[in-house]
Amino acid sequence: MRDYLLTLCVTAAVTYLLTGPVRKFAIATGAMPEIRARDVHREPTPRLGGIAMFFGLCAGLLVADNLQNLNGVFELSNEPRALLSGAALIWLIGVLDDKFEIDALIKLGAQMIAAGVMVMQGLTILWIPVPGIGMVSLTSWQGTLLTVALVVITINAVNFVDGLDGLAAGMVCIAATAFFLYTYRLWYGYGIEAAAPATLFAVILMGMCVGFLPHNMHPARIFMGDSGSMLIGLVLSAGAISVTGQVDLDVLKVFEGSGRAATHAALPVFIPLLLPLTIIAIPFADLVLAVVRRAWNGQSPFAADRGHLHHRLLEIGHSHSRSVLIMYFWSALIAFGVVLYSVHSASMWILPVVVVLSAVGLVLLLLPRFTPRAPLWAQAFVPPRYRRRKRAAAGPDGSHEEIVPEPVGAQGMAAERTPVPAGVNGATALGARSRFSDRSKADSSR
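Residues numbered from 1 in each chain as written. Predicted model: local features only at pLDDT ≥ 70, side-chain atom pairs only at ≥ 80, totals over all residues. Heavy atoms only, no water.

### Considerations on the overall build of the protein
So, step 1. Assigned secondary structure in the protein consists of 15 helices and four strands.
So, step 2. Here the protein holds 446 residues, and the buried ones make up 49% of them.
So, step 3. The long-range fraction of contacts in the protein, counting pairs at least 24 apart against all pairs at least 6 apart in sequence, stands at 72%.
So, step 4. When the accessible surface of the protein is split by element, carbon and sulfur atoms take 65% of a total near 21,800 Å². (Helix = DSSP H or I, 4+ residues; strand = E, 2+ residues; numbered from the N terminus. Buried < 20%, exposed > 50% of the residue type's maximum accessible area, 1.4 Å probe, protein only. Contact = heavy atoms within 4.5 Å. Areas by Shrake-Rupley, 256 points an atom, 1.4 Å probe, with all protein chains shown as cover.)

### Here's the deal with the nonpolar core
So, step 1. Counting residues in hydrophobic clusters, the biggest one holds 89 residues, and the most contacted among them are Leu57, Leu200, Leu205, Leu231 and Leu234.
So, step 2. When residues of this core are assigned to their parent elements, the largest contribution, 15 residues, is made by helix α7 (residues 167-190). (Core = buried A, V, L, I, M, F, W, Y, C linked by side-chain atoms within 4.5 Å.)

### Details of the confidence of the model for the protein
So, step 1. In this model, the protein carries an average pLDDT of 76, and 65% of its residues clear a pLDDT of 70 or more.
So, step 2. No element of the protein has a lower mean pLDDT than strand β4 (residues 402-403), which averages 46, and none a higher one than helix α2 (residues 49-65), which averages 96.
So, step 3. This model gives residues 400-446 a pLDDT under 50, and the stretch forms 95 contacts once residues within four places in sequence are excluded. (pLDDT = per-residue confidence, 0-100.)

### Here we look at the packing of helix α4 (residues 79-100) against helix α5 (residues 104-120)
So, step 1. At a minimum axis distance of 8 Å, the contact between α4 and α5 shows a crossing angle of 165°. Judged on the interaxial angle alone, α5 and α4 are roughly antiparallel. Here α4 and α5 pass one another in a crossing that is right-handed. Of α5, the residues touching α4 (which contributes Ala82, Leu83, Ser85, Gly86, Leu89, Ile90, Ile93 and Asp97) are Lys107, Ala110, Gln111, Ile113, Ala114, Val117 and Met118.
So, step 2. Per-class residue counts for the contact of α4 with α5 are ten nonpolar, three polar and two charged. (Axes fitted to C-alpha atoms, helices over the stretch in contact; angles between N-to-C directions. Parallel < 35°, antiparallel > 145°, perpendicular 65-115°, else oblique. Left-handed = near helix turned anticlockwise from the far one by under 90°. Nonpolar A, V, L, I, M, F, W, Y, C, P; charged D, E, K, R; others polar.)

### Topic: the packing of aromatic side chains
So, step 1. Taken as a whole and assessed by the stated rule, the structure comprises nine aromatic pairs.
So, step 2. Relative to tryptophan 91, the ring of phenylalanine 55 lies with its centre 6.2 Å away and its plane at 80°, an arrangement referred to as edge-to-face. Of this pair, phenylalanine 55 sits in helix α2 while tryptophan 91 sits in helix α4; the two residues are 36 residues apart in sequence, bridging distant segments of the chain.
So, step 3. Three or more aromatic residues joined by ring pairs make a cluster, and in this case those are Tyr4, Phe180, Tyr184 and Trp187. (Phe/Tyr/Trp six-rings, centres within 6.5 Å; stacked < 30°, edge-to-face > 60°.)

### Looking at a nonpolar patch on the surface
So, step 1. Where nonpolar side chains cluster on the molecular surface, the patch consists of Leu340, Trp349, Val353 and Leu357 and spans about 320 Å² of accessible area.
So, step 2. Along the chain, valine 353 turns up in helix α15 (residues 350-365).
So, step 3. What makes valine 353 partly exposed here is its relative accessible area of 38%. (Patch = residues over 30% accessible without salt bridge, like charges linked within 9 Å, V, L, I, M, F, W, Y side chains within 5 Å. Salt bridge = Lys/Arg side-chain N within 4 Å of Asp/Glu carboxyl O.)

### Side note on the pattern of salt bridges
So, step 1. Taken as a whole, this structure holds three salt bridges when the rule is applied.
So, step 2. Linking glutamate 101 and arginine 47 is a salt bridge whose minimum nitrogen-to-oxygen distance equals 3.2 Å. Taken together, the residues span a long stretch of sequence, with glutamate 101 in the loop between α4 and α5 and arginine 47 in the loop between α1 (2-28) and α2 at a distance of 54 residues.
So, step 3. Judged by its relative accessible area of 46%, glutamate 101 is partly exposed.

### Side note on the packing of α5 against helix α6 (residues 140-161)
So, step 1. For the pair α5 and α6, interaxial distance at closest approach is 9 Å and the crossing angle is 130°. Taken together, the axis directions place α5 and α6 in an arrangement best described as oblique. The two elements α5 and α6 meet at a crossing, and its hand is right-handed. Within the contact between the two elements, α5 uses Leu108, Gln111, Met112, Ala115, Gly116, Met118 and Val119 and α6 uses Thr144, Thr147, Val148, Val151, Val152, Ile155 and Asn156.
So, step 2. Considered class by class, the residues forming the contact of α5 with α6 number nine nonpolar, five polar and no charged.

Printed below as a string of structure tokens:
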């Protein structure tokens, strides 16, 4: 565990320290696209945050390769090299897209090629567990198609949810944490060496997200862009492929017995194998709804719109930060609930706890206008939206006009946005918040 914590800290530190220079590089190269109608942020913000995350991934793999208790993963398996090869390819395509806006079909083809590269180097699904039957071997074509499908679905699910500051990185970090707990239990608790690569991938993914989140929380100073969202989606899918299609669960002896008894005994094992799918349940649901919605409206499935789940949270009145926290809550409830059930499947208290927490989540969804107000002594320490309202001075007729704080969420945004050209005067660029929508109006010598 100490080696895993060291790998996590090094990955997070490298990602965090490199994000600042990468932000300046993105501004210098003009990787600050104009604000689109579907965007939530109000000022041009640099992308290319995936560059720092990729170097964090490389640093984590390098440190793990030089640790005594983890270098066996590189000696006994080619999966870390397969992950690095696929990640380098998908990261390069993402960097080009952040700068030049590559066509969606080209990105889809690149995702399939990256998955194929990992398959060629051994990171593929060899068999799948079937309740009541056991491990079912797959042919090479079946394993390849299933691997490519899982990689593409996971990458696009994470990419679709990357619409609010800190949303994608936080949700993937929650997913990686739950996945790490499960795979570490398989590796350390049951002595299954084949689960070690997935455990390493999960802890490195946690470090990438933790190191990037301080720069990406609202208001974000930099976005991860497609170079980051596709990268973390690929790493997440790689861990799922490794533990699902490489780990032989016959060593757990959960298939002994016959029929119903064997299936019931194996149920806690099968459910966590679907963990990579459950932890992206919300992004995957968003992906499916987006495809259906666009097809129903006669649009391309790759067309962009403002109908995603996080956009709907803003439309019903939630603030930016609260929308992100609600998405965090549901992701954690699903992911950790599945892991908890795999450990204590015989306990009856798990289901009531999940039901109660689900009810709490529904209450949060139904209270979009609830804004807590801080006490008077804490007014100077909280954001403006949590401060008490002030009254203006009395007018000539003796009336008082109440000053209402600026609304937050979609209700406080203009119905139509005017594209703001990218430049160095933005609030998330080098200087203070710009008062000009046109860079040429600013009195600057640059």
